[in-house]
Amino acid sequence: MKFIYTDGRNQDFINLCKLLDEYLNEIAGGEENRKQYISYNALDNIHDVILAHDDDNEPIGCASFKRYDEKTAEVKRVFVKKEYRRKGISKTLMILLEKRAREKGFSTLLLETGAPLVEAIALYHSLGYLIIANYGQYKDLRGSVCMQKNL
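In this report, we go over the structure that sits alongside the text. All of these numbers come straight from a predicted model, not from anything done at the bench.

### As for the packing of helix α3 (residues 89-103) against helix α4 (residues 118-126)
Thinking step 1. Contact geometry of α3 with α4 gives a least axis separation of 11 Å together with a crossing angle of 50°. Judged by the inter-axis angle, α3 sits oblique to α4. Here α3 and α4 pass one another in a crossing that is right-handed. When α3 is examined against α4, the residues Ser-90, Lys-91 and Met-94 are found in contact with a partner set consisting of Leu-123, Tyr-124 and Ser-126.

### Here we look at the packing of aromatic side chains
Thinking step 1. If you walk through the whole model with that rule in mind, you get 5 aromatic pairs.
Thinking step 2. Ring geometry for Phe-65 and Phe-106: centres 5.8 Å apart, planes at 80°, overall edge-to-face. Placement of the pair is Phe-65 in strand β3 (residues 59-67) and Phe-106 in the loop between α3 and β5 (108-114), with a sequence separation of 41 residues.
Thinking step 3. In this structure Phe-106 comes out as buried when scored by relative accessible area, which is 11%.
Thinking step 4. Where Tyr-68 meets Tyr-135, the ring centres are 5.5 Å apart and the plane angle is 85°; that geometry is what we call edge-to-face. Of this pair, Tyr-68 sits in the loop between β3 and β4 (72-80) while Tyr-135 sits in the loop between β6 (130-132) and β7 (144-150); the two residues are 67 residues apart in sequence, bridging distant segments of the chain.
Thinking step 5. Taking relative accessible area as the criterion, Tyr-68 reaches 35% and is therefore assigned partly exposed.
Thinking step 6. Taken together through their ring pairs, the aromatic side chains of Tyr-68, Tyr-135 and Tyr-138 make up a single cluster.
Thinking step 7. One Lys or Arg, Arg-85, reaches over the ring of Tyr-23 and ends 4.5 Å from the middle of that ring.

### Remarks on unusual backbone geometry
Thinking step 1. In this structure, Arg-77 takes a positive phi of about 55° despite not being glycine.
Thinking step 2. Structurally, Arg-77 can be placed in strand β4.
Thinking step 3. A positive phi angle is found at Arg-86, which is not glycine, with a value near 65°.
Thinking step 4. Within the fold, Arg-86 resides in the loop between β4 and α3.
Thinking step 5. Residue Arg-86 is classed as exposed on the basis of its relative accessible area, which comes to 78%.

### Focus: the pattern of salt bridges
Thinking step 1. Here the structure, examined in full by the defined rule, presents 7 salt bridges.
Thinking step 2. Close ionic contact of Asp-48 with Lys-104 constitutes a salt bridge, the shortest N to O distance being 2.9 Å. On the criterion of sequence distance, the pair formed by Asp-48 in strand β2 (residues 48-53) and Lys-104 in the loop between α3 and β5 is long-range, its members being 56 residues apart.
Thinking step 3. Exposure remark for Lys-104: the relative accessible area of 47% places this residue in the partly exposed category.
Thinking step 4. Lys-76 serves as the salt-bridge partner of Glu-74, at 3.9 Å between the closest nitrogen and oxygen. We note that Glu-74, like Lys-76, is buried.
Thinking step 5. The network of salt bridges with common partners includes Lys-99, Arg-100 and Glu-103.

About the thresholds
Residues numbered from 1 in each chain as written. Predicted model: local features only at pLDDT ≥ 70, side-chain atom pairs only at ≥ 80, totals over all residues. Heavy atoms only, no water. Axes fitted to C-alpha atoms, helices over the stretch in contact; angles between N-to-C directions. Helix = DSSP H or I, 4+ residues; strand = E, 2+ residues; numbered from the N terminus. Parallel < 35°, antiparallel > 145°, perpendicular 65-115°, else oblique. Left-handed = near helix turned anticlockwise from the far one by under 90°. Contact = heavy atoms within 4.5 Å. Phe/Tyr/Trp six-rings, centres within 6.5 Å; stacked < 30°, edge-to-face > 60°. Buried < 20%, exposed > 50% of the residue type's maximum accessible area, 1.4 Å probe, protein only. Lys NZ or Arg CZ within 6 Å of the ring centre and 35° of its normal. Salt bridge = Lys/Arg side-chain N within 4 Å of Asp/Glu carboxyl O.

Here you go:
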């Protein structure tokens, strides 16, 4: 397993995000049921991405963040392919992401996930993230679960 640091223009990252969107559409019962979230997942302002590659150099997972404000970054697009889950890859990606955010001067990470994503919420809890009031564009979205961690 190897980890690659890149940005939101990386084609492997873009392809993994497409798989993530397909997975989220499946959980939500179709893209129509999650249309209010789609614009919040644009890759335009994501400059910090970590990719996980397997031993055959195939991309299998990703995690990223973007600047939210001067001291806060927002975690975006955390995903591991289904056949590679439950192997600690997401946890490793998040630990590396937190380290990178600290190196870039951020003292807080926040994120939004969906209530049906029980495994993701458990992962974030295990890493010390706490549920907070929904922020920004997620403020009035009932299915959103927002979390934060002070680095």
